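So you can see what is in the structure, the chains are spelled out below.
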Amino acid sequence: MLAQRLRFAYRRYSSQAMSAAKLQEEAMKETCILVNDRDESLGKASKRDCHRVDPEGNIRLHRAFSVFLFNSAGDMLLQRRSMEKITFPDCYTNACCSHPLHEIEGEREELNALGIRRAAQRRLNYELGIPLAQARPENFHYLTRIHYADRGDGTWGEHEIDYILFLQKDVDLKPNDTEVSEVRYISRKQLDTTMTNLNAPLTPWFRLILQHRLRLWWDNLHQLKKYENHVEIERF
């Protein structure tokens, strides 16, 4: 039943006749969950309205998530965003970064970040082709929330309460080329060398998490519970 609902939510993206650019334009009609700086829901707005930088340089604060995916060997999946992405195209980032949608009732559920984890399952399936059964909501480890803002190119930017989810599991990948141009696993030992030698920029949220938290979390994959912070919202 869940799989049917998820497929229904994305049925408008299934037509192969639609170009990648058209798919990205369609996605901008989805509705994000607006929040205040305490992560309290304030209603909804389109993804377009949530990412447009206004003339005063402001961006509407909304709820989001970032998934960090590791295989059983402890290697992390790195994604390169498609050139067709409207926000931060052709940038390297963590496995999956997106939003719970207001129009999907189950993704508005706040208890235990269940709505966020449902949204993460949906997007991993859509962006990376990971079967729904391989990334169930209960498989995600919810660590913390990060409040950050970045004006991007001055037209499109980000202002998010970003839920950080870790998933360590061997999964099947079939990337959606309208969303993703490249994926690769990197080891912890390769992290610094890989970041130095990338031929494209990092997304702002990935850059901040890399700078402030990623190394610590990665070094403690098997004891992440001690780093959980579900009370405070971290601000970088």
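A.B. asks: Quick question: what am I supposed to make of unusual backbone geometry here?
C.D. replies: The phi dihedral of D39 falls on the positive side, at around 65 degrees, and the residue is not glycine. Tracing the chain through its elements places D39 in the loop between β1 (31-35) and β2 (41-46). In this structure D39 comes out as buried when scored by relative accessible area, which is 6%. Residues other than glycine seldom take positive phi values, yet N112 does so here, at roughly 55 degrees. Note that N112 resides in the loop between β6 (96-98) and α4 (114-128).

A.B. asks: What is the right way to look at the nonpolar core in this model?
C.D. replies: Across soluble globular proteins, nonpolar side chains show a tendency to be buried alongside one another. Core analysis: the biggest nonpolar cluster contains 29 residues, and F68, F166, M195, F206 and L214 have the highest contact counts within it. When residues of this core are traced back to their parent elements, those giving at least two are β3 (62-70), β4 (76-81), β7 (141-150), β8 (158-168), α5 (191-197) and α6 (204-218). The element best represented in this core is α6, accounting for eight residues. Not counting residues within four places of it along the chain, the set of residues in contact with M195 comprises L78, I186, L202, F206 and L210. Counting residues in hydrophobic clusters, the runner-up holds 26 residues, among them L77, A113, L124 and I130.

A.B. asks: Where do I start with the pairing of β2 in this structure?
C.D. replies: Here is the key point about a regular strand: its side chains alternate between the two faces of the sheet. Pairing between β1 and β2: five bridges, direction antiparallel. Looking across to β2, one finds that V35 is bridged to S41. Adjacent in sequence and paired antiparallel, β1 and β2 are bridged by five residues, among which D39 carries a positive phi angle near 65 degrees.

A.B. asks: Looking at this structure, how should I read helix α2 (residues 20-27)?
C.D. replies: Side chains three or four residues apart in an α-helix point the same way, a direct result of the helix having 3.6 residues per turn. Among the residues making up α2, those that are buried are L23, Q24, E26 and A27. All buried residues of α2 project into a common sector of 160 degrees when viewed along the axis, lining one side. Looking at the packing, one finds that the buried side of α2 touches α3 (47-51). Its side-chain oxygen at 3.1 Å from the backbone nitrogen of K22, S19 defines the N-terminal cap of α2.

A.B. asks: What's the story with the packing of aromatic side chains in this structure? I'm lost.
C.D. replies: Working definition: an aromatic ring pair is given by the centre-to-centre distance plus the angle between the planes. Inspection of every chain in the model, using the stated rule, returns seven aromatic pairs. Three or more aromatic residues joined by ring pairs form one cluster here, namely F68, F70, F166, F206, W217 and W218. Over the aromatic face of W156 sits the side chain of R52, whose NZ or CZ is 4.1 Å from the ring centroid.

A.B. asks: Explanation requested: the pattern of salt bridges in the structure shown.
C.D. replies: Where charged atoms from two side chains of opposite charge come close, those side chains can pair. One pass over the full model with this rule turns up 21 salt bridges. Put simply, E234 and R213 hold a salt bridge, and the shortest N to O gap is 2.6 Å. Separated by 21 residues along the polypeptide, E234 in strand β10 (residues 233-235) and R213 in helix α6 bring together distant segments of the chain. Through salt bridges with shared partners, one network takes in D39, R63, E110 and R145.

A.B. asks: I'm lost on α6 in this one. Help?
C.D. replies: Most pronounced at L210, the bend in α6 amounts to some 60 degrees. By the burial criterion, the buried members of α6 are P204, W205, F206, L208, I209, L210, L214, W217 and W218.

A.B. asks: I'm lost on the environment of S187 in this one. Help?
C.D. replies: Structurally, S187 is set in the loop between β9 (180-186) and α5. Residues contacting S187, with those up to four places away along its chain left out, are D75 and W218.

The rules behind these values
- Residues numbered from 1 in each chain as written.
- Predicted model: local features only at pLDDT ≥ 70, side-chain atom pairs only at ≥ 80, totals over all residues.
- Heavy atoms only, no water.
- Helix = DSSP H or I, 4+ residues; strand = E, 2+ residues; numbered from the N terminus.
- Buried < 20%, exposed > 50% of the residue type's maximum accessible area, 1.4 Å probe, protein only.
- Core = buried A, V, L, I, M, F, W, Y, C linked by side-chain atoms within 4.5 Å.
- Contact = heavy atoms within 4.5 Å.
- Pairing = 2+ DSSP bridges.
- Arc of directions from axis to C-beta.
- Polar contact = N/O pair within 3.5 Å; in protein donor to acceptor, adjacent residues only side chain to side chain.
- Phe/Tyr/Trp six-rings, centres within 6.5 Å; stacked < 30°, edge-to-face > 60°.
- Lys NZ or Arg CZ within 6 Å of the ring centre and 35° of its normal.
- Salt bridge = Lys/Arg side-chain N within 4 Å of Asp/Glu carboxyl O.
- Bend = angle between axes of the 7 residues up to and from the residue.

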